[in-house]
Amino acid sequence: MTPADEILDIVDEQDEVIGQAPRGEAYARGMRHRCAFILVRDGQGRIFVHRRTPTKLVFPSLYDMFVGGVVGAGESYDAAALREAEEELGVSGLPRPAPLFKFLYESGDQTWWSAVYEVRCELPVNPQAEEVAWYDFLSPEELERRLTEWEWTPDGLAAYERLRAHGAG
């Protein structure tokens, strides 16, 4: 099964399930679905940043300060957050990511409910080559400097801006 064939729950503006569709169809038709975003910090508090591979269905080759992805049909946000974080980082035994907040991402014909989490990873990472073209752990200050220099995923940037506001609030 390819990523485009993965079945997703389709949701309404209140995040209630109204149907299901393959991921590729959901993306092509702009159907609202669910995603989990996980901010990963190492033992020194640095943030895992990566560049997506050119083969990704959405936002290929862009930088992201979150790991994560779509929530599968019938899967909880919490389960998806742990699964996605372990898959993308190439680790097992990660602590359960802590939920921070949810928001509705909307841009053009793209829309998804986004649950944002944070987790500390003190394990050695071995990121998935299919998902991650480059990675490093950056200090929060270094990440702030790179925000204007690198091209970031728009949904990740939207989540990060909300995270900064959430942290300040």
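For clarity, every value in this text was computed on a predicted model and none was experimentally measured. (Residues numbered from 1 in each chain as written. Predicted model: local features only at pLDDT ≥ 70, side-chain atom pairs only at ≥ 80, totals over all residues. Heavy atoms only, no water.)

S.K.: Help me out: how do you make sense of the overall build of the protein chain in this one?
M.R.: When its secondary structure is counted, the protein chain shows four helices and nine strands. Overall, the protein chain shows an N-to-C arrangement of helices and strands of β-β-α-β-β-β-β-α-β-β-β-α-α. Computed over the C-alpha atoms, the radius of gyration of the protein chain is 15 Å, within 12% of the 15 Å expected from 2.2 N^0.38 for a compact globule of 169 residues. Considered along the principal axes of its C-alpha atoms, the protein chain spans approximately 40 × 35 × 30 Å. Across the 169 residues of the protein chain, 49% fall into the buried class. Long-range contacts, defined here as pairs at least 24 residues apart, represent 62% of the contacts in the protein chain between residues at least 6 apart. Split by element, the accessible area of the protein chain, about 8,200 Å² in all, is 48% carbon and sulfur. (Helix = DSSP H or I, 4+ residues; strand = E, 2+ residues; numbered from the N terminus. Rg over C-alpha atoms; globule rule 2.2 N^0.38 Å. Buried < 20%, exposed > 50% of the residue type's maximum accessible area, 1.4 Å probe, protein only. Contact = heavy atoms within 4.5 Å. Areas by Shrake-Rupley, 256 points an atom, 1.4 Å probe, with all protein chains shown as cover.)

S.K.: Explain the packing of aromatic side chains here, please?
M.R.: Here a ring pair, both rings aromatic, is described through the centre-centre distance and the interplanar angle of the planes. All chains considered together, the criterion is met by twelve aromatic pairs. With centroids separated by 6.3 Å and ring planes inclined at 40°, the aromatic side chains of Phe101 and Phe103 adopt a geometry described as tilted. Site record: aromatic cluster; members linked through ring pairs are Phe37, Phe66, Phe101 and Phe103. Its end group placed over the ring of Trp113, Lys102 keeps NZ or CZ at 5.2 Å from the ring centre. (Phe/Tyr/Trp six-rings, centres within 6.5 Å; stacked < 30°, edge-to-face > 60°. Lys NZ or Arg CZ within 6 Å of the ring centre and 35° of its normal.)

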